[in-house]
Amino acid sequence: MRLISLFFILTFLFSCKKKEEKPVVVSDMLSNGMVVLCEGLFQQNNSTVSFINNADGSISNTLFQDKAGRMLGDTGNDIQKYGGKIYIVVNVSSTIEVLDARTFKPITQISMIENSVAKQPRSIVFNGSKAYVTCYDGYVDVIDTTALVVEQRIQVGRNPEGMAIANNKLYVANSGGLSSPDYDSTLSVIDLTSHVELLKINIGLNPSALIADNSGEIYVINRGDYGAIPSSISRVNSSTDTEIEEININATHIVKMNNDFLVANYNYTTQTSGVTLFNPQTETVTNSAFIGDNGITTLYGLQYNPTNDNIYISDAMGFTNTGYVREYSSTGTFIQSFHVGLNPNKIIFYD
Amino acid sequence: MKKIFAILLFSPILYGQQDTIQVVEEVVANQSVFHYSENSSINAKDIEELSPVDIGDVLMKISGVNLKSYGSLGGLKTVSMRGLGSNHSTIVKDGFTVSNTQTGQVNLGQIEVDNVVGVVSSIGNRYNTVLPISAQVSGSNFLIKTFENTFSSDTLQIRCSVKYGSFNQQFAYLGVKYQPNKWFFSATGAFRKSVGDYNYSYQNGLLQINDKRLNNDYQDYNWGVSIGRKWKRKNFRFGYKNTAIDQGLPGAVILYNATQDERMTTNNHSFFADFQNNSKKLVTRVYANGRMNHLRYTDPTFLNTSGGIDVTYFNRNITGGLALKTIGEKLFFNGGTEFILSDLTEDGQNFDHPSRLHNISLLGANYQLKSFTFVAQLSSQMVFEENPNGLSGKDRFRINPFISIEQQGQGKMKLKQSLWYRNSFRMPSFNELYYNNIGNNLLEPEDANQINYGVSFLPIDKKLSVFVRSNVYFNKVKNKIVAVPTKNLFVWSMQNVGTTNIYGFELILDANYSFSKNWKSSITGNYSYQRTIDVTDKNSPTYKNQIAYIPLHTVNFDASLSYKKIGARFSNYFVSERYSLNENVIANRVDAFLLSDLTVFYRLILKDKYSLKLQFTAKNIFNQSYAYIRSYAMPGRNYLISLHYAFN
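Residues numbered from 1 in each chain as written. Chains lettered and ligands numbered in written order. Predicted model: local features only at pLDDT ≥ 70, side-chain atom pairs only at ≥ 80, totals over all residues. Heavy atoms only, no water.

Per the secondary structure count, chain B includes seven helices and 33 strands. Expected size for 648 residues packed as a compact globule is a radius of gyration near 26 Å; at 24 Å, chain B falls within 12% of this value. In terms of overall dimensions, chain B has a C-alpha envelope of 65 × 55 × 50 Å along the principal axes. In chain B, which comprises 648 residues, the proportion classed as buried is 62%. In chain B, 65% of the contacts between residues at least 6 apart in sequence involve partners at least 24 apart. As presented, chain B carries roughly 24000 Å² of accessible surface, and 60% of it is formed by carbon and sulfur atoms. For chain B, the separation between the mean place of its 68 positive charges and that of its 49 negative charges on side chains is 9 Å. (Helix = DSSP H or I, 4+ residues; strand = E, 2+ residues; numbered from the N terminus. Rg over C-alpha atoms; globule rule 2.2 N^0.38 Å. Buried < 20%, exposed > 50% of the residue type's maximum accessible area, 1.4 Å probe, protein only. Contact = heavy atoms within 4.5 Å. Areas by Shrake-Rupley, 256 points an atom, 1.4 Å probe, with all protein chains shown as cover. Lys, Arg positive; Asp, Glu negative; His and termini not counted. Charge placed at Lys NZ, Arg CZ, Asp CG, Glu CD.)

Within chain A, the secondary structure is distributed over two helices and 30 strands. Its C-alpha radius of gyration of 21 Å places chain A within 12% of the 20 Å reference for a compact globule of 351 residues. With the C-alpha coordinates of chain A rotated into their principal frame, the extents come out at 85 × 50 × 40 Å. Counting the 351 residues in chain A, one finds 58% classified as buried. In chain A, the proportion of contacts linking residues at least 24 apart, taken out of those at least 6 apart, comes to 41%. Accessible area for chain A stands at about 13700 Å²; split by element, carbon and sulfur atoms hold 51% of it. Charge separation in chain A, taken as the distance between the mean sites of 23 positive and 34 negative side-chain charges, equals 10 Å.

With that out of the way, let us pick up the side chain of S89(B). Looking at the element boundaries, S89(B) is found in strand β4 (residues 89-93). Apart from the residues within four sequence positions on either side, S89(B) is in contact with M81(B), S140(B) and F142(B).

So, about the sheet that holds strand β5 (residues 85-90) of chain A. All names here are of chain A. Taken in spatial order, the four strands line up as β4-β5-β6-β7 in an open sheet, and their pairing is antiparallel. The strands lining the two open edges of the sheet, one partner per strand, are β4 (76-82) and β7 (106-111). Direction aside, neighbouring strands of the sheet carry axes that sit 15° apart on average. For β4 and β5, the ladder comprises six bridges, and the chain directions are antiparallel. Residue pairing in the sheet places D78 in a bridge with V89 of β5. (Pairing = 2+ DSSP bridges. Axes fitted to C-alpha atoms, helices over the stretch in contact; angles between N-to-C directions.)

On to unusual backbone geometry. Residue and element names in this part refer to chain A. Going from S180 to P181, the amide bond is cis rather than trans, its omega being 5°. Inspection of the secondary structure assignment puts P181 in the loop between β15 (169-174) and β16 (186-191). Look at N159: it is not a glycine, yet its phi comes out positive at around 45°. Within the secondary structure, N159 is located in the loop between β13 (150-155) and β14 (160-166).

Take the interface of chain A and chain B next. Bring the parts together and some accessible area is lost; that lost area is often taken as the interface size. Tallying the contact residues gives 62 residues for chain A and 56 residues for chain B. Summing the contributions of chain A and of chain B, the shared interface buries around 5100 Å²; its carbon and sulfur component is 63%. The tally of links between chain A and chain B comes to zero salt bridges. Our count for the chain A to chain B interface comes out at 17 residue pairs in polar contact (both at pLDDT 80 or more). Looking at the side of chain A that touches chain B, the elements that each hand over two or more residues are α1 (2-15), β6 (95-100) and β9 (117-118) of chain A. (Buried area = accessible area lost by both parts, 1.4 Å probe. Salt bridge = Lys/Arg side-chain N within 4 Å of Asp/Glu carboxyl O. Polar contact = N/O pair within 3.5 Å; in protein donor to acceptor, adjacent residues only side chain to side chain.)

Residues and elements named next belong to chain A. Mapped onto the elements of the fold, Q303 is located in strand β26 (residues 299-305). Sequence separation of Q303 and F349 is 46 residues, and the distance between their C-alpha atoms is 9.9 Å. If near-sequence neighbours (up to four positions away) are discounted, Q303 is found in contact with V255, N310, I311, Y312, N345, K346, I347 and F349. Engagement of the side chain of Q303 in a polar contact is seen with the backbone oxygen of I347, the distance being 2.5 Å.

Attention now moves to the packing of aromatic side chains. Scanning the model with the defined rule gives 34 aromatic pairs over all chains in all. Judged by centre distance (4.8 Å) and plane angle (55°), the rings of Y87(A) and F126(A) are tilted. One end of the pair, Y87(A), is in strand β5; the other, F126(A), is in strand β10 (residues 121-127), with 39 residues separating them in the sequence. Residues Y87(A) and F126(A) agree in their burial class; the two are buried. Judged by centre distance (6.3 Å) and plane angle (55°), the rings of F505(B) and Y527(B) are tilted. Of this pair, F505(B) sits in strand β25 (residues 491-514) while Y527(B) sits in strand β26 (residues 519-534), and the two are 22 residues apart along the sequence. Of the residues examined, F505(B) reaches a relative accessible area of 31% and is grouped as partly exposed. Taking the relative accessible area as the measure of exposure, Y527(B) reaches 15% and is therefore buried. Through pairs of rings, three or more aromatic residues link up here, namely Y266(A), Y268(A), Y300(A) and F319(A). The ring of Y350(A) has K81(A) lying over it, and the distance from NZ or CZ to the ring centre is 4.2 Å. Lying across the ring of Y473(B), R82(B) places its NZ or CZ 4.0 Å from the centre. (Phe/Tyr/Trp six-rings, centres within 6.5 Å; stacked < 30°, edge-to-face > 60°. Lys NZ or Arg CZ within 6 Å of the ring centre and 35° of its normal.)

We now examine the pairing of strand β32 (residues 610-619) of chain B. All names here are of chain B. Here β32 lies mainly inside the structure; seven of its ten residues are buried. The pairing of strand β31 (residues 593-606) with β32 spans eight bridges and is antiparallel. Pairing of R603 across the sheet is with K613, part of β32. The pairing of β32 with strand β33 (residues 638-647) spans ten bridges and is classified as antiparallel. Within β33, the residue paired with L612 across the bridge is Y645.

Further remarks concern the confidence of the model for chain A. Averaged over every residue, the pLDDT of chain A is 93; residues scoring 70 or more account for 94%. With pLDDT under 50 throughout, residues 10-19 of chain A is counted as low confidence; its partners more than four residues away or in other chains account for 15 contacts. (pLDDT = per-residue confidence, 0-100.)

All right, on to the sheet that holds β14(A) then. Residues and elements named next belong to chain A. Judged by pairing direction, the sheet is antiparallel, and its four strands sit side by side in the order β14-β15-β16-β17 without closing on themselves. Of all the strands in the sheet, the pair left with one neighbour each is β14 and β17 (197-202). Going across the sheet, the axis of each strand differs from the next one's by a mean of 25°, ignoring polarity. Where β14 and β15 come together, five bridges link them in antiparallel fashion. By the bridge assignment for β15, A164 is matched with Y171.

Tracing the backbone through its elements, the reader meets Q276(B) in strand β15 (residues 262-278). Within the structure, the side chain of Q276(B) is placed 3.1 Å from the side chain of N278(B), a separation counted as a polar contact.

The next subject is the environment of Q102(B). All names here are of chain B. Here Q102 lies in the loop between β5 (96-98) and β6 (116-122). We classify Q102 as buried; its relative accessible area is 1%. When the C-alpha positions of Q102 and T345 are compared, they lie 9.7 Å apart, and in sequence the two are 243 residues distant.

All names here are of chain B. Formed by 45 residues in total, the largest nonpolar core has its most connected members in I55, L59, V119 and Y628. Where this core is concerned, the elements lending two or more residues are α5 (56-59), β2 (65-69), β3 (77-81), β6, β7 (140-146), β28 (566-575) and β31. Apart from residues no more than four positions distant in its own chain, L59 is found in contact with V65, V79, I91, L108, V119 and F142. (Core = buried A, V, L, I, M, F, W, Y, C linked by side-chain atoms within 4.5 Å.)

Here the focus is the pairing of strand β11 (residues 199-204) of chain B. Residue and element names in this part refer to chain B. Bridging between β11 and strand β12 (residues 207-212) involves six bridges; their strand directions are antiparallel. Its bridge partner being in β12, Y202 is matched across the sheet by I209. Hairpin remark: β11 followed by β12, antiparallel, with two residues in the connecting loop; positive phi at G205, about 60°.

To continue, consider the confidence of the model for chain B. All names here are of chain B. Overall, the predicted model of chain B reaches an average pLDDT of 88, with 91% of residues at or above 70. Counting contacts from residues 1-37, a segment whose pLDDT is below 50, to residues more than four positions away or on other chains yields 169 contacts. Interface confidence for the predicted complex, expressed as ipTM, amounts to 0.91; the pTM equals 0.91.

With that out of the way, let us pick up the pattern of salt bridges. In this structure the tally under the stated criterion is 45 salt bridges over all chains. Residues joined by salt bridges that share partners form a network here, namely K45(B), D46(B), E49(B), K61(B), D558(B) and R569(B).

Have a look at this one:
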């Protein structure tokens, strides 16, 4: 019987959990900090939201769970702030979480499942009283930002990704990414008044992220085929809705910094990255080594905060380790790093 | 993205395989030839009392085994031994390997268990056997012995069982063996069926979620025939088996999204044949087996251009070999050679058409002194690959040694000691080499080194028999094959990027005590400690962290008691906390669990010639909410009632 007691002692010992890390309590009203969406990994239901407090540098990696009392779900792809609300697009769970931007308390969860098929939402943009959500099933869903329900579905191309708005039109990148190697290479143009797809513009292979510059030109990252066809940037005229040129810059991320663009590229083969400064007026690279590879393991997100004039790079640390947000000045000088959750991708800045 | 991950984590290509045909081997039956200092075994009585639904439920009771289970009946189940990864273990059924070159691993959830009469795990010495050469050189073995392919003395033997369980599980098995004179003829048939809509619960933040598993139905049937002939010093066997499976794939439990609708059907044909000659000086065994595995996977709502995935794979393996063993007083030799020819085709256009010829040869010398045995073995392996549709894997030539020294049982306690070193490797599977974007034809084999020191003793008493063993070991895995994002986050590809150190300890105990003629009791238990750490890169955040899904502690503890016709067994399985990724942080933690099953049985009839037993098992009696793999919730408390009939 000594064995039995030994067994139960062992069981007891091993059941005792290790000491929990001391939780960071985030105040009821969010301010002076950064909300970081951490995507997690597929099928692990471990998408999280971190809050970095700029005042004392404290970091909570369980913001969503603490405020909502439940978990965010699987693969959070996009987070945006609009009209006093936060919208989180959760791809594999197929939900849009709508939260109060100040308290981070949930307002509603919009299920993006239709006829038992997950629509797999990817990214969100806003115009007037509407939110536009790309869904991998080939549609852009229109959500009323007051009623918070899907009002309309606009058919676009295959597996749409990023969007941008210019000239009262919505530009949608159709990637076709789920039919690899048979990628799509079009940009859908939707009239924002009639919600009708006006046309599809042929651009580079496998388009993903896009932004509009101050003169209404659209810049689209074409991811290529990750092999023989490298990534590039298509420049599109939003008056004539035609492609002006395909610029031979390898890119995975593109964001606006004042009148310039920051263009980042993470090379998956060499596992190196770099950030380039690009002038969209002259269409030239003004600094090809604006931020180097040093200190960045896996560049997975890029953002600029106009309020404090700093640049933020999300470092996914090889995709299977908890990541970092790395802060740089607007001249590209490294300032500090913040340790956040798994696969950080997007940041919302709080004044 | 979904597709790529699905393929890596879940889809049929990793899901692969199912039971094939196979057969016996007398060597397997006769455990005395194994060196018990390292081998664990589970006999027919224990297997029956465990009420397993598949062979995985039995193998998990063996010390050093790590089970990965993705669900209930039919769900993907694999086992690995001592932290080496499942592809380093060979499953040998009745003396023939059960292999799958497409996935490299066998889905144990698809191997039925009602016909199994014994299981042995073997890690160290295998010199005294004529097992297939590939099994003699692999990192570890699980040897399964079935009813239908074994010679025995009775003219007619029958085994029959029916079971019914929670979530509408239904099982039926019939095996008949007729043995006139020196022949045996056997025929078996079985089916397993389940709706699989089991209740499970999990914690979503502050919310306790109680839910039912969906798209988890499973049905299979199998039938087989075997024939054998025995001469004074020779025997011959031949058999065929067919298995067909149709199942829903429930996938991970995804929060807020229950839209799983993937399915898989599998059809498997296999045959085996062997001839063994036991002369006074030499044991010769010639063996051949083959299997054809037809696998269809569908995902009707996958968001691609063709509006879904419907793909069929066809994997063929043919093995032929010769195993030899000389008989000698002091010095004897063993060895042989084996050829495995395999290929893989797909009905779509995206897949390569790889084929592989793999030769394994072995030569070993064994020298026996009065109390010591020395063994030295050298094996060579040659692998030739062809892929007319694309880039092909490299051809290989490798030499791997094994050495051991054993001290035989000494004194009253029959103390045995052994020390051995094994160097082995596992080939990358066809999926790892060729699967669309994921495959990497430049992959090197994954190397494993094992050093083990074991001690065992066996104090004998009339009423009490106790058998205690302990092993300490150090293993090192190099060129570990892992999936890494290489093209974007959604396209992961296989790379040789890991080195793992494994520091292990195990303690195994079997005790039987007969109070009286009518009262009998037994206690079996094992404790396994496996510190399995990533030592790839000093600067990595996972340096010296425990590898994902390997528990530090595993405990098995079973107690059984019987009085005349009535008996009970209390079976416990404890797994300490694990991590879903190599980084040992709280966010990755998967909770420890203790799984307890209680079985009671009553022998309705117990005669010389036949018996009928009624058995009731409550599984997970404490209704633990648990998972082996993150997001793959396992069933809560459930029940199984069964009736077992045996003639001879």
